[in-house]
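Residue-level structural notes
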Amino acid sequence: MQNRFSVRWCATIDDIAPEDWEQIYGTDIIKSRAFMKANEIAEFEDVEFHYLQVLKNNDIIAIVPCFCYGMDLINIASSGKARRWIGNFRKIYPSFLKLRAFVTGSYAATCEHFIECIHGLSINDKRDIAEIIGREIQRRCRKTKSAFVFVKDVRERDLQHVKDIFTSDYKFFISFPTTAIPILSKDYPIALRKKNRKRYRKFTTLFDQSFHWEIVNNYGGIQVKEFSKLYQAVLCKAKNKFEFLNEKFFEAINDLLGNSSFFLVARDNISDEVRVMVIILENENNLIPLYMGFKYKNDDTKILYLNTIFRIVKEAEARAKSYVDFGQTSYYPKTMSGALAENIYYGFWSHNPIVRWLINHGLKKMFAPPPIPKHVYLEEYAEIAHMVLVDKGFVLLN
């Protein structure tokens, strides 16, 4: 094996040729080299990037983007009870569960694991590459003085693939499921149950009385500044803070992704005040609402939030997409709007005996899978809606 393969690490994606990246990750915008470059340009505080490349005869056949940073584990805990317990414990030990982590994947949340190799490899090559990746990740974890390896955002469909790469002493836990709404041949929301269609009509009517939508295709400069401010408002209210993004990142998304990203903006009909801004990425088959900025007021948050879901689905219809990838959290309003869910897992490993004990005996108490409501499709459309997503690889919960 040693003669057939070699390993290379680099600190910037600039050292990986676009064609090498694309032959492994394809053309999916969320896995694109440009999206990863935006992570680098942002210069996130205390985030250090590492890219593992596995080569065969000097050709790159596998890539694993990674990063290390000081991580607060309370931000990924899905159990409210565990979050309260950690908070109380920190009154005595303020740094409890604040550890340096070596993480596989993208710093900006994507619901994708990024542990990939080129297609068409033999079974023996795949086995050898898996061994190399697993070993190199652990070595780099030690070299960066990280307390543990964090394998981020593994969808249910990919769990066995990822487990086959890492050793059996990795522990995987269900975190926050991801969601998607399929686009059907019938106009949205015809396929939903009566009470959900009624809900759609009620809240779109309320929205239209006070607000209107616009799409902005080139949103750099002043609009990014405004979005950053509204994004911070959402971040401050969030119980779980998966990452802390900045204006430079959003500006880079606009600059690097070009026509593959746009803003959806809700404005007040009278004052023209911006109330909602959403960065949306566009793939060939789907839309990805990446991040939301929100100006909160007392009486219309629900109207604006629900209409943001509705409007993105209608935009996906207009652009002939197959589905909208709505991501994690806010399961009730998304499911009542037609979303279906798939589990996402986090994986952990440590060379440190104390942290390893914590992973084996303590972390499971931090992760309590949130309840996912039943789907709201009419009986005659339920199977069709499910098959749209199953055909795209989803392993659905509801």
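Everything below is about the structure printed above this text.
Computed from a predicted structure; not experimentally measured.

1. A look at the overall build of the protein
Scanning the protein for helices and strands turns up 12 helices and 15 strands. Taken against the 2.2 N^0.38 rule, which gives 21 Å for 398 residues, the C-alpha radius of gyration of the protein at 22 Å falls within 12% of a compact globule. Taken along its principal axes, the extent of the C-alpha atoms in the protein is 65 × 55 × 45 Å. The buried share of the protein, taken over its 398 residues, is 58%. Long-range contacts, defined as pairs at least 24 residues apart, comprise 79% of the intrachain contacts of the protein with a sequence gap of at least 6. Element-wise, carbon and sulfur atoms account for 51% of the exposed surface of the protein, whose accessible area totals about 18,100 Å². Both charge centroids of the protein, one from 56 positive and one from 47 negative side chains, sit 9 Å from each other.

2. Section: empty space enclosed by the protein
Gaps left between atoms are located by rolling a probe of water-molecule size over the structure's atoms. Under the definition given, this model contains 2 cavities of 30 Å³ or more. In terms of lining, the largest cavity is formed by 13 residues, of which the most central are Pro182, Leu184, Lys186, Tyr188 and Ala191. In terms of residue class, the lining of the largest cavity is built from 10 nonpolar, no polar and 3 charged. The space that makes up the second largest cavity amounts to roughly 40 Å³. No other element matches the 3 residues that helix H11 (residues 353-361) contributes to the lining of the second largest cavity. Its residues assigned to classes, the lining of the second largest cavity shows 8 nonpolar, no polar and no charged.

3. Things to note about a positive patch on the surface
On the surface, Lys194, Lys198, Arg201, Lys202 and Lys302 cluster together into a patch of positive charge. A total of 4 residues in the positive patch trace back to one element, the largest contributor, which is helix H6 (residues 194-210). With respect to the helices and strands, Lys202 occurs in helix H6.

4. Comments concerning the nonpolar core
Ranked by size, the top nonpolar core spans 103 residues in total, and within it Ile137, Phe148, Phe249, Leu281, Tyr291 and Phe348 carry the most contacts. In terms of residue count, the dominant contributor to this core is strand E3 (residues 59-72) (10 residues). Phe348 has contacts with Leu73, Ile76, Phe148, Val149, Phe150, Asp169, Tyr170, Lys171, Phe173, Ile359, Leu363 and Phe367, leaving out every residue within four places of it along the chain.

5. Comments concerning the packing of aromatic side chains
A complete count under the given rule lists 39 aromatic pairs for this structure. Between Phe67 and Tyr69, the aromatic rings sit 5.4 Å apart at their centres with planes inclined by 55°, giving tilted as the arrangement. There is no split in this pair, since Phe67 and Tyr69 are both buried. One aromatic cluster is present, built from ring pairs that chain together Phe35, Phe44, Phe67, Tyr69, Tyr107, Tyr219, Phe227, Tyr231, Phe249, Phe250, Phe263 and Tyr291. Above the plane of the ring of Tyr296 lies Lys237, whose end atom (NZ or CZ) is 4.8 Å from the centre. One Lys or Arg, Arg319, reaches over the ring of Phe262 and ends 4.1 Å from the middle of that ring.

6. Section: the environment of Arg201
Locating Arg201 in the fold gives a position in helix H6. In sequence terms Arg201 and Pro189 are 12 residues apart; their C-alpha atoms lie 9.3 Å from each other.

7. A short note on the sheet that holds strand E8 (residues 178-182)
Reading across from one edge, E9-E10-E11-E12-E13-E8-E14 is the order of the 7 strands in this open sheet, with mixed pairing throughout. The strands lining the two open edges of the sheet, one partner per strand, are strand E9 (211-216) and strand E14 (340-342). Across the sheet, the axes of successive neighbouring strands diverge by a mean angle of 30°, strand direction being ignored.

8. Points about the state of the cysteines
Per the counting criterion, the structure on display carries 0 disulfides. Note on Cys111: no disulfide assigned, nearest cysteine sulfur contributed by Cys66 at a separation of 18 Å. We classify Cys111 as buried; its relative accessible area is 7%. You can see Cys117 has no disulfide; the closest cysteine sulfur is in Cys66, sitting 15 Å from it. Classification of Cys117 by relative accessible area gives buried; the value is 17%.

9. What about helix H7 (residues 222-237)?
An ideal rise of 1.5 Å per residue puts 22 Å on 16 residues; H7 measures up with 24 Å between its terminal C-alpha atoms. Listed in full, the buried residues belonging to H7 are Val224, Phe227, Ser228, Leu230, Tyr231 and Leu235. Check the buried side of H7 and you find it contacts helix H8 (247-257), strand E10 (261-268), strand E11 (274-282) and strand E12 (286-294).

10. As for the layout of surface pockets
What the second largest pocket holds in volume is close to 420 Å³. Together, 20 residues line the second largest pocket, and Ile115, Glu116, Cys117, His119 and His161 are the ones closest to its centre. Going through the elements one at a time, helix H1 (18-25), strand E5 (116-117), helix H4 (123-143) and helix H5 (159-165) are the ones with two or more residues in the lining of the second largest pocket. The residue inventory of the lining of the second largest pocket, partitioned by class, reads 10 nonpolar, 5 polar and 5 charged.

11. Points about unusual backbone geometry
At the junction of Tyr188 and Pro189, the peptide bond is cis and its omega measures out at 5° in the coordinates. Residue placement: Pro189 occurs in the loop between E8 and H6. Unusually for a residue other than glycine, Asn58 sits at a positive phi of about 70°. As for its placement among the helices and strands, Asn58 is situated in the loop between strand E2 (48-56) and E3. The exposure class of Asn58 is exposed, given its relative accessible area of 69%.

About the criteria used
Residues numbered from 1 in each chain as written. Predicted model: local features only at pLDDT ≥ 70, side-chain atom pairs only at ≥ 80, totals over all residues. Heavy atoms only, no water. Helix = DSSP H or I, 4+ residues; strand = E, 2+ residues; numbered from the N terminus. Rg over C-alpha atoms; globule rule 2.2 N^0.38 Å. Buried < 20%, exposed > 50% of the residue type's maximum accessible area, 1.4 Å probe, protein only. Contact = heavy atoms within 4.5 Å. Areas by Shrake-Rupley, 256 points an atom, 1.4 Å probe, with all protein chains shown as cover. Lys, Arg positive; Asp, Glu negative; His and termini not counted. Charge placed at Lys NZ, Arg CZ, Asp CG, Glu CD. 1 Å grid on protein atoms, 1.4 Å probe; cavity = no way out; pocket = protein on both sides within 12 Å on 5 of 7 lines; lining within 4 Å. Points joined across faces, edges and corners; volume = space filled by probe spheres on them. Nonpolar A, V, L, I, M, F, W, Y, C, P; charged D, E, K, R; others polar. Patch = residues over 30% accessible without salt bridge, like charges linked within 9 Å, V, L, I, M, F, W, Y side chains within 5 Å. Salt bridge = Lys/Arg side-chain N within 4 Å of Asp/Glu carboxyl O. Core = buried A, V, L, I, M, F, W, Y, C linked by side-chain atoms within 4.5 Å. Phe/Tyr/Trp six-rings, centres within 6.5 Å; stacked < 30°, edge-to-face > 60°. Lys NZ or Arg CZ within 6 Å of the ring centre and 35° of its normal. Pairing = 2+ DSSP bridges. Axes fitted to C-alpha atoms, helices over the stretch in contact; angles between N-to-C directions. Disulfide = S-S within 2.5 Å. Expected span 1.5 Å × (residues − 1).

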